[in-house]
Amino acid sequence: PRARAGAITFDARNDGKVPHNLVVVRSDLAQDRLPTASGIVDERRVTFVGRTEELVPGSGARLSVTLAAGKYVLICNVIGHYNSGQFAAFTVE
């Protein structure tokens, strides 16, 4: 997926059965190669952009960020979720 640089709003909704969140990081690493520690992405070792609060089942949130051109990864940074494949890469042009 691709987006234009500038203000971007993500609408996140948790239709699952356990809590989730949405975290945006900027990284040139492959989406499945972000550094982890204790079952989550180590946000001190990536360029953290923004996050939603914890989304309990049935809830949602909007996350508005301003993104420069580059590579980004959307992740769920609840323990174990990133390692189970809850991530998606996208490019901002």
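The structure this text deals with has already been given above.
Residues numbered from 1 in each chain as written. Predicted model: local features only at pLDDT ≥ 70, side-chain atom pairs only at ≥ 80, totals over all residues. Heavy atoms only, no water.

Q: Help me out: how do you make sense of the overall build of the protein chain in this one?
A: For the protein chain, the helix and strand inventory stands at zero helices and nine strands. Each helix (α) and strand (β) of the protein chain, taken in turn from the N terminus, gives the series β-β-β-β-β-β-β-β-β. Taken against the 2.2 N^0.38 rule, which gives 12 Å for 93 residues, the C-alpha radius of gyration of the protein chain at 13 Å falls within 12% of a compact globule. Dimensions along the principal axes, computed over C-alpha positions, put the protein chain at roughly 35 × 25 × 20 Å. Expressed as a percentage of the 93 residues in the protein chain, the buried residues total 37%. For the protein chain, the computed accessible surface area is about 5,500 Å², with 50% contributed by carbon and sulfur atoms. Of the charged side chains in the protein chain, 11 are positive and 9 negative, and the gap between their average positions amounts to 3 Å. (Helix = DSSP H or I, 4+ residues; strand = E, 2+ residues; numbered from the N terminus. Rg over C-alpha atoms; globule rule 2.2 N^0.38 Å. Buried < 20%, exposed > 50% of the residue type's maximum accessible area, 1.4 Å probe, protein only. Areas by Shrake-Rupley, 256 points an atom, 1.4 Å probe, with all protein chains shown as cover. Lys, Arg positive; Asp, Glu negative; His and termini not counted. Charge placed at Lys NZ, Arg CZ, Asp CG, Glu CD.)

Q: What should I look at first to understand the nonpolar core in this one?
A: Soluble globular proteins tend to bury their nonpolar side chains together. If you look at the biggest cluster of nonpolar residues, it comprises 14 residues, and the most contacted ones within it are F10, V24, L67 and F90. Of all the secondary structure elements, the ones that give two or more residues to this core are β2 (6-13), β7 (60-67), β8 (70-75) and β9 (87-92). It is β7 that provides the largest number of residues to this core, a total of four residues. Residue contacts for L67: discarding those within four places in its chain leaves A5, G6, I8, V24, V49, Y72, F90 and V92. Listed in part, the eight residues of the second largest apolar core include V25, L34, V73 and I75. (Core = buried A, V, L, I, M, F, W, Y, C linked by side-chain atoms within 4.5 Å. Contact = heavy atoms within 4.5 Å.)

Q: What's the story with the packing of aromatic side chains in this structure? I'm lost.
A: Centre distance and the angle of the planes are the two values used to describe a pair of aromatic rings. Per the stated rule, a full pass over the model turns up three aromatic pairs. With centroids separated by 5.5 Å and ring planes inclined at 25 degrees, the aromatic side chains of Y72 and F90 adopt a geometry described as stacked. Residue Y72 is located in strand β8, and its partner F90 is located in strand β9; the two are separated by 18 residues in the primary sequence. Comparing Y72 with F90, the two get one shared label, buried. Judged by centre distance (5.1 Å) and plane angle (45 degrees), the ring pair of Y82 and F87 falls under tilted. Ring pairs connect the aromatic residues F10, Y72 and F90, which therefore count as one cluster. (Phe/Tyr/Trp six-rings, centres within 6.5 Å; stacked < 30°, edge-to-face > 60°.)

Q: For this particular structure, what's the right way to read unusual backbone geometry?
A: It is generally the case that most residues other than glycine have a negative phi and that most peptide bonds are trans. Notably, S38 is not glycine yet its phi reads approximately 55 degrees, a positive angle. Considering the arrangement of structural elements, one finds S38 in the loop between β4 (36-37) and β5 (40-41).

Q: Is there a simple way to think about the environment of A7 in this case?
A: By the element assignment, A7 lies in strand β2. Of the residues examined, A7 reaches a relative accessible area of 72% and is grouped as exposed. Remark: the alpha-carbon pair of A7 and A68, spanning 61 residues in sequence, is separated by 9.1 Å. If sequence neighbours within four positions are ignored, A7 has contacts with V65 and T66.

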